[in-house]
Amino acid sequence: MATLAPIIIDGSYLEGGGQILRMGLALSAVQALPISVTKVRAGRSTPGLRPQHLTGTIAGGGYLADTQTAGSVTLLIQAVLPCTLFANSPSYYKLRGGTNAEFAPQIDYTIQVFRKIIYSFGVDFTVFLNKRGFFPKGQGEVTLEVKPVMKALKAADITDFGEVVSVHGIAYVAGVLPIKVAHKMANAAVDLLHQRLPQNIDIRINRVKDDQERAFGNGSGIVLWAKTSTGCILGGSALGKRGREAEEDGCTAASEIISCVENRLCLDSYAQDQVIIYMALAEGKSRIRTGPLTNHTRTAIWVAEMMTKAEFKIIQEEGTDCIIVECEGIGFTRARRN
């Protein structure tokens, strides 16, 4: 059998971060296609491979992946999940690193928002938060369980907003930070949500202080998720930062939810880029209604089109900031890889 020439991917394209590597490697593993990624993470202050980019496997079974830093475990999930969907048996991972880190979705978002969004594509996975970990040392841990798909992923249509029915969330603190910080974040978020959203929706934010068994180090944050009558799930979040008032973090998370609701978006900016790979691999036409595309999303589309030959179409809704992204997926199955 002739050896396939590798697909050459410019790692400096658009956002120039680890996403190109994560998605490129995932699609390479899924489709058994060789790739060569140049200028890896050229757009980052510390270019090249980091420990979290060197960890993971695609085979079914039980595995441990440790970034050995505060590298985000949610980015590890983004890398391994597409691969393990096409394994020949269920996969079980313990992933260690930063669970709530900058420049990555917080683990609470992955559990409460992203997991439910890609269920629409036929993806079934579970994440358990065992211990939170923060910058600079990480040492958080999650358990990821993935059931492989027996056929192609389903195309999904996520374009009907309906009406918002609830906003729930969690405001957490760990280490030396007192519970009052969580209350300040939550109260500020609730007040702003009540001011800007319809009065009949259910708004509840849990306030939590994680002890040493549930968190390593000091940290705080807030993650919100809104549900609509048609099943859309939208997220908003903020990570606590020294020197910034907790109320500001609560308002940031609430404002992200409010923006999605007021613009009737069906997918928030954090989920945009994450669903692209599943749209490309699914069978049939998928559609999402979202806001202006992020560079992460444009990068994801570029990689997906290059490596799968799926066709994406970007449609600007007239008179709004809303974008419809359509994709005719390739209907990939495990049989096509063998």
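Residues numbered from 1 in each chain as written. Predicted model: local features only at pLDDT ≥ 70, side-chain atom pairs only at ≥ 80, totals over all residues. Heavy atoms only, no water.

For the chain, an unreviewed UniProt entry supplies the name RNA 3'-terminal phosphate cyclase and the organism Scylla paramamosain. You can read under Sequence similarities (unreviewed entry) in the UniProt record for the chain the words "Belongs to the RNA 3'-terminal cyclase family. Type 1 subfamily." The chain has a UniProt comment under Catalytic activity (unreviewed entry) that states "a 3'-end 3'-phospho-ribonucleotide-RNA + ATP = a 3'-end 2',3'-cyclophospho-ribonucleotide-RNA + AMP + diphosphate". (UniProt positions renumbered as here; feature names shortened; annotations may be inferred.)

## A look at the UniProt feature "active site" (unreviewed entry) in the chain
Feature annotation in UniProt places "active site" (unreviewed entry) on His-296, given in this structure's numbering. As for its placement among the helices and strands, His-296 is situated in helix α7 (residues 295-308). (Helix = DSSP H or I, 4+ residues; strand = E, 2+ residues; numbered from the N terminus.)

## Here we look at empty space enclosed by the protein
Under the counting rule described, the total for this entry stands at one cavity of 30 Å³ or more. One number sums up the size of the largest cavity: a volume of about 140 Å³. Lining the largest cavity are Gln-19, Arg-22, Met-23, Gln-78, Ala-79, Pro-82, Asp-273, Gln-274, Ile-277 and Tyr-278. Those elements that place two or more of their residues in the lining of the largest cavity are α1 (18-31), α2 (73-84) and α6 (269-281). Of the residues assigned to the lining of the largest cavity, the class counts are five nonpolar, three polar and two charged. (1 Å grid on protein atoms, 1.4 Å probe; cavity = no way out; pocket = protein on both sides within 12 Å on 5 of 7 lines; lining within 4 Å. Points joined across faces, edges and corners; volume = space filled by probe spheres on them. Nonpolar A, V, L, I, M, F, W, Y, C, P; charged D, E, K, R; others polar.)

## Describing the sheet that holds strand β11 (residues 219-228)
Taking strand neighbours across the sheet as the criterion, the four strands line up as β9-β8-β11-β12 in an open arrangement whose pairing is mixed. Of all strands in the sheet, those with a lone pairing partner are β9 (202-210) and β12 (233-239), marking the two edges. Here the strands of the sheet are splayed against their neighbours by 15° on average, with no regard to which way each runs. Both strand β8 (residues 164-174) and β9 contribute to a ladder of nine bridges, which runs parallel. Across the sheet, the residue bridging to Ile-170 is Asn-206, located in β9. (Pairing = 2+ DSSP bridges. Axes fitted to C-alpha atoms, helices over the stretch in contact; angles between N-to-C directions.)

## Focus: the environment of Gly-162
With respect to the helices and strands, Gly-162 occurs in the loop between β7 (157-158) and β8. Given the relative accessible area of 13%, Gly-162 is considered buried. Note: C-alpha distance between Gly-162 and Lys-227 (65 residues apart in sequence) is 9.8 Å. Apart from residues lying up to four places away in sequence, Gly-162 is in contact with Ser-229, Thr-230 and Arg-264. (Buried < 20%, exposed > 50% of the residue type's maximum accessible area, 1.4 Å probe, protein only. Contact = heavy atoms within 4.5 Å.)

## Some points on the state of the cysteines
Applying the stated criterion across every chain yields a total of zero disulfides. As a non-bridged cysteine, Cys-251 has Cys-260 as the owner of its nearest cysteine sulfur, 16 Å distant. For Cys-251, a relative accessible area of 31% puts it in the partly exposed group. Cys-266 provides the cysteine sulfur closest to Cys-260, a residue in no disulfide bond, and the two sulfurs are 9.8 Å apart. (Disulfide = S-S within 2.5 Å.)

## A look at the pattern of salt bridges
In total, this model carries 13 salt bridges according to the counting rule given. Between Asp-202 and Arg-204 there is a salt bridge, with its nearest N and O atoms 2.9 Å apart. A residue is classified by how much of its surface remains accessible, and Asp-202, at 29% relative accessible area, is partly exposed. Through salt bridges with shared partners, a single network forms among Asp-157, Lys-285, Arg-287 and Glu-326. (Salt bridge = Lys/Arg side-chain N within 4 Å of Asp/Glu carboxyl O.)

## Things to note about the environment of Leu-234
The topology assignment puts Leu-234 in strand β12. With 125 residues separating them in the primary sequence, Leu-234 and Tyr-109 have C-alpha atoms 9.4 Å apart. Not counting the four nearest positions on each side in its chain, Leu-234 is found in contact with Val-113, Phe-161, Leu-224, Trp-225, Ala-226, Thr-228, Ile-257, Cys-260, Leu-265, Cys-266, Leu-267 and Asp-268.

## A short note on the nonpolar core
With 99 residues, the main nonpolar core has Leu-81, Ile-118, Phe-121, Leu-224, Tyr-278 and Phe-312 as its most contacted residues. Those residues in contact with Phe-312 that lie beyond four places of it in its chain are Ile-276, Met-279, Ala-280, Ile-301, Ala-304, Glu-305, Val-325, Glu-326 and Cys-327. Formed by five residues, the second largest nonpolar core is a distinct cluster that contains Phe-134, Tyr-172, Ala-174 and Ala-215. (Core = buried A, V, L, I, M, F, W, Y, C linked by side-chain atoms within 4.5 Å.)

## Observations regarding the packing of aromatic side chains
One pass over the full model with this rule turns up seven aromatic pairs. Measuring from centroid to centroid gives 5.1 Å for Phe-86 and Phe-332, while their planes differ by 85°, and the two rings are edge-to-face. Remark: Phe-332 occurs in the loop between β15 (323-330) and α8 (334-337) and Phe-86 occurs in the loop between α2 and β4 (91-97); sequence separation between them is 246 residues. The two residues Phe-86 and Phe-332 agree in class, both being buried. Taken together, the ring pairs in this structure connect Phe-114, Phe-121, Phe-125 and Tyr-278 into an aromatic cluster. Between the NZ or CZ atom of Arg-132 and the centre of the ring of Tyr-172, over which it lies, the distance is 3.9 Å. (Phe/Tyr/Trp six-rings, centres within 6.5 Å; stacked < 30°, edge-to-face > 60°. Lys NZ or Arg CZ within 6 Å of the ring centre and 35° of its normal.)

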